[in-house]
Amino acid sequence: MSPRRNRPKAGGSSGSSDDEGRRYGGFQSTESWRGEEWSVRHVAGASAAGKTYRCPGCDQEIPSGVAHVVAWPQYAGVDDRRHWHKACWNAKDRRTTKVQRSRNAPRF
């Protein structure tokens, strides 16, 4: 008798949104912001490996391996995706539209 298989068979993906969420390391939801519907995907730190992104909320880098949020307008293309820190995404309504830096802060 062969041992019991605990994992699903490979190649049996049906392409559902649950499969996409597992494949890209997070769950996806829809939120309303500034009168527009946004698709929001929460990315786990383990699946955020390989690239560094810049958060539009605080203008700081999101290093690889850090959990964050990817958000884009629901009816926009792939080029409109933005990677946010979780705290910055949650505080987006309390922030000003322009990033305010001190006079001697670097511009990168």
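Residues numbered from 1 in each chain as written. Predicted model: local features only at pLDDT ≥ 70, side-chain atom pairs only at ≥ 80, totals over all residues. Heavy atoms only, no water.

A. Summary view of the sheet that holds strand 6 (residues 82-84). With antiparallel pairing, four strands are arranged side by side in an open sheet as 1-2-5-6. If you trace the sheet from one side to the other, it starts and ends with strand 1 (28-33) and strand 6, each paired once. Taking the axes of each pair of neighbouring strands and ignoring which way they run, one obtains an average angle of 35° across the sheet. Sheet topology note: the strand 2 (residues 36-43)/strand 5 (residues 68-73) ladder contains six bridges and is antiparallel. Residue pairing in the sheet places Trp-38 in a bridge with Pro-73 of strand 5. (Pairing = 2+ DSSP bridges. Helix = DSSP H or I, 4+ residues; strand = E, 2+ residues; numbered from the N terminus. Axes fitted to C-alpha atoms, helices over the stretch in contact; angles between N-to-C directions.)

B. Structural context of the nonpolar core. By size, the foremost hydrophobic cluster in this structure holds 10 residues: Trp-33, Trp-38, Val-40, Cys-55, Ile-62, Val-69, Ala-71, Trp-84, Cys-88 and Trp-89. Of all the secondary-structure elements, those providing two or more residues to this core are strand 2, strand 5 and helix 2 (86-90). (Core = buried A, V, L, I, M, F, W, Y, C linked by side-chain atoms within 4.5 Å. Buried < 20%, exposed > 50% of the residue type's maximum accessible area, 1.4 Å probe, protein only.)

C. Looking closely at the side chain of Lys-92. By the secondary structure assignment, Lys-92 is in the segment after helix 2. Exposure remark for Lys-92: the relative accessible area of 11% places this residue in the buried category. Polar contacts involving the side chain of Lys-92 include one to the main-chain carbonyl oxygen of Trp-89, which spans 3.1 Å. (Polar contact = N/O pair within 3.5 Å; in protein donor to acceptor, adjacent residues only side chain to side chain.)

D. Here's a closer look at the pairing of strand 5. The buried fraction of strand 5 is high, at six of six residues. Side-chain alternation along strand 5 places His-68, Val-70 and Trp-72 on one buried face and Val-69, Ala-71 and Pro-73 on a second face that is also buried. As paired strands, strand 5 and strand 6 are joined by three bridges and run antiparallel to one another. Residue Val-69 lies in a different strand from strand 6, and its bridge partner there is Trp-84.

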